[in-house]
Amino acid sequence: NTSSPFSSQPSPSAQSAAAASSSSSARGEDGGGGGGDGTSCVSPQLLHHAVLLPLPYPRDEELIQIYSSLLKAHFEWRTVKPSDLSYYTTVADLRISPEVLSAVVTTTVELQRRLNGMYASNARRRHYRFTMTTLSALISSLYCHLPSTAICRDVLTLWLHECHWSYEKRLSSEVDRERFRSLLTMTAKKHFEDKDVLDIVVNRQLSLFHSLMKSASDSSNTRSTPLSESVLSRSYQPVRDEAKLREEIERALMLHNEKFPPVYFPLYTENLQMLCRVHHLLLRSTSGGHVVLVAEGNPSMPRHMMSLVAYMIGCSFLTLDTMMSSSEEALLQSEWSSSLTLSASHVTGGEWEDSSGAGAGGCIAEP
């Protein structure tokens, strides 16, 4: 927009944008009172005085170029001589190649774009929004938690794990999740050329990842923890020994219950996966992570789990009690009744009596 920001007259582009905003608001699109996705349109009166600087969403080609460059700069690739290959060696067991990295990024970008337009917007799907923040977090997880010499199989395993938590876990129904899985398979078949690599993606053997125990290859990047025999690592790695992981968590739970109000957290498979993921999200950022847990049918589970996770990463756990006790509620109700009675005594021309009379008291006996 080349118009002066000090001009009292709106530019043609501002007028057209305001008209478009007003039109979409009237139709109930994109929020604005009757919107289906919960957003709010910008007021045309505000646009009338504004200079518009549109920032369009990057094209797929631009996103692929950005994220492919980041991955290729991290992962080292060396040409493999035919003499170095054995009969059982596959591409998945070699260091990941630039071609496979490009296929990973291209599949992710196309997958997210199609997910954003595949589900009809309604009240139960308002959180079906995948932005560049989602995409950046997913891609950055690959080069933050894998060494530069990682083989193709490890990269694909972590990539599928991140797709599962970034996209599939946000879907509310099994029908929506099945559509996601079908879309992932169809999109991968378009971009992965090697059969061995494609089989890993299509078969989707999801692994449990964790940041709970020390990695032998990452002994320098550790921090202290209340657990005397264990250290925490910021690496995110597949679980090699699930029984040992359960023992570590059970021991942490026992130590937690000795020092703090006891919590009950059964280590079902789903609970174990959730605990490992939440622990990783809160630990991976030096400024602290952010997690919203919505428990359906078991409202005490998030509080118990967060108390345990806070203890395991050496943080304090705070809870805000929004429920009033019966005595507090009775006191508040009494104060409110007295205030209403006092206000009623100043009303004239009605049936109210003075605050000492029976009329006012009878009216507010059960507010």
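Our structure's up above, just so we're on the same page.
From a predicted model like this one, the values you see are computed outputs, not experimental measurements. (Residues numbered from 1 in each chain as written. Predicted model: local features only at pLDDT ≥ 70, side-chain atom pairs only at ≥ 80, totals over all residues. Heavy atoms only, no water.)

### What about the packing of aromatic side chains?
Phase 1: Taken as a whole and judged by the stated rule, the model has six aromatic pairs.
Phase 2: Ring geometry for F130 against Y167: centres 5.2 Å apart, planes inclined by 80°, an arrangement best described as edge-to-face. You can see F130 sitting in the loop between α4 (98-118) and α5 (132-145) and its partner Y167 sitting in the loop between α6 (152-166) and α7 (174-191), a full 37 residues away along the chain.
Phase 3: Among the aromatic residues, those joined into a ring-pair cluster are F130, Y167 and F180.
Phase 4: Above the face of the W165 ring, K169 is positioned so that its terminal group lies 5.1 Å from the ring centre. (Phe/Tyr/Trp six-rings, centres within 6.5 Å; stacked < 30°, edge-to-face > 60°. Helix = DSSP H or I, 4+ residues; strand = E, 2+ residues; numbered from the N terminus. Lys NZ or Arg CZ within 6 Å of the ring centre and 35° of its normal.)

### A closer look at α6
Given 3.6 residues per turn, any residue in an α-helix points the same way as the ones three and four places further on.
Phase 1: The terminal C-alpha atoms of α6 lie 21 Å apart, and with 15 residues this matches the ideal 21 Å at 1.5 Å per residue to within 8%.
Phase 2: Within α6, 13 of the 15 residues are buried, which leaves the element mostly enclosed by the surrounding structure. (Expected span 1.5 Å × (residues − 1). Buried < 20%, exposed > 50% of the residue type's maximum accessible area, 1.4 Å probe, protein only.)

### What to know about the side chain of E162
Phase 1: Here E162 lies in helix α6.
Phase 2: Residue class for E162 comes out buried when judged on its relative accessible area of 1%.
Phase 3: A polar atom in the side chain of E162 sits 3.1 Å from the side chain of R277.
Phase 4: When neighbours within four sequence positions are excluded, E162 is seen to be in contact with L138, S141, Y236 and R277. (Polar contact = N/O pair within 3.5 Å; in protein donor to acceptor, adjacent residues only side chain to side chain. Contact = heavy atoms within 4.5 Å.)

### Thoughts on the packing of α7 against helix α8 (residues 195-203)
For any two helices packed against each other, one specifies the crossing angle of their axes together with the interaxial distance.
Phase 1: One can describe the packing of α7 onto α8 by two numbers: an axis separation of 9 Å at closest approach and a directional angle of 170°. In terms of orientation, α7 and α8 fall into the roughly antiparallel class. Counting all contacts with α7, which are made through T185, A188 and K189, the residues of α8 involved are L198, V201 and V202.
Phase 2: Tallied by class, the residues present in the contact of α7 with α8 amount to four nonpolar, one polar and one charged. (Axes fitted to C-alpha atoms, helices over the stretch in contact; angles between N-to-C directions. Parallel < 35°, antiparallel > 145°, perpendicular 65-115°, else oblique. Nonpolar A, V, L, I, M, F, W, Y, C, P; charged D, E, K, R; others polar.)

### Details of the packing of helix α9 (residues 242-259) against helix α10 (residues 269-283)
Phase 1: Two numbers describe how α9 lies on α10: the axes approach to 12 Å, and their chain directions differ by 75°. It follows from the interaxial angle that α9 and α10 lie roughly perpendicular. Here α9 contributes E242, L245, R246 and I249 to the contact with α10, which in turn contributes T269, L272, L275 and C276.
Phase 2: Each residue belonging to the contact of α9 with α10 can be placed in one class, and the counts come to five nonpolar, one polar and two charged.

### Some details on unusual backbone geometry
Phase 1: A positive phi angle is found at R204, which is not glycine, with a value near 50°.
Phase 2: In this structure, R204 sits in the loop between α8 and β1 (209-210).

### Here's the deal with the pattern of salt bridges
Phase 1: Applying the stated rule across the entire model yields 17 salt bridges.
Phase 2: Between E168 and R181 there is a salt bridge; the shortest N-O distance is 2.5 Å. Separated by 13 residues along the polypeptide, E168 in the loop between α6 and α7 and R181 in helix α7 bring together distant segments of the chain. Comparing E168 with R181 shows no difference in burial state: the two are buried.
Phase 3: The partner of R204 in a salt bridge is E168, and the shortest N-O contact between them spans 3.0 Å. Pair noted here: R204 is in the loop between α8 and β1 and E168 is in the loop between α6 and α7, with a separation of 36 residues, a long-range link. For the pair R204 and E168, one class covers both residues: buried.
Phase 4: When salt bridges that share partners are traced, they join E168, E174, R177, E178, R181 and R204 into one network. (Salt bridge = Lys/Arg side-chain N within 4 Å of Asp/Glu carboxyl O.)

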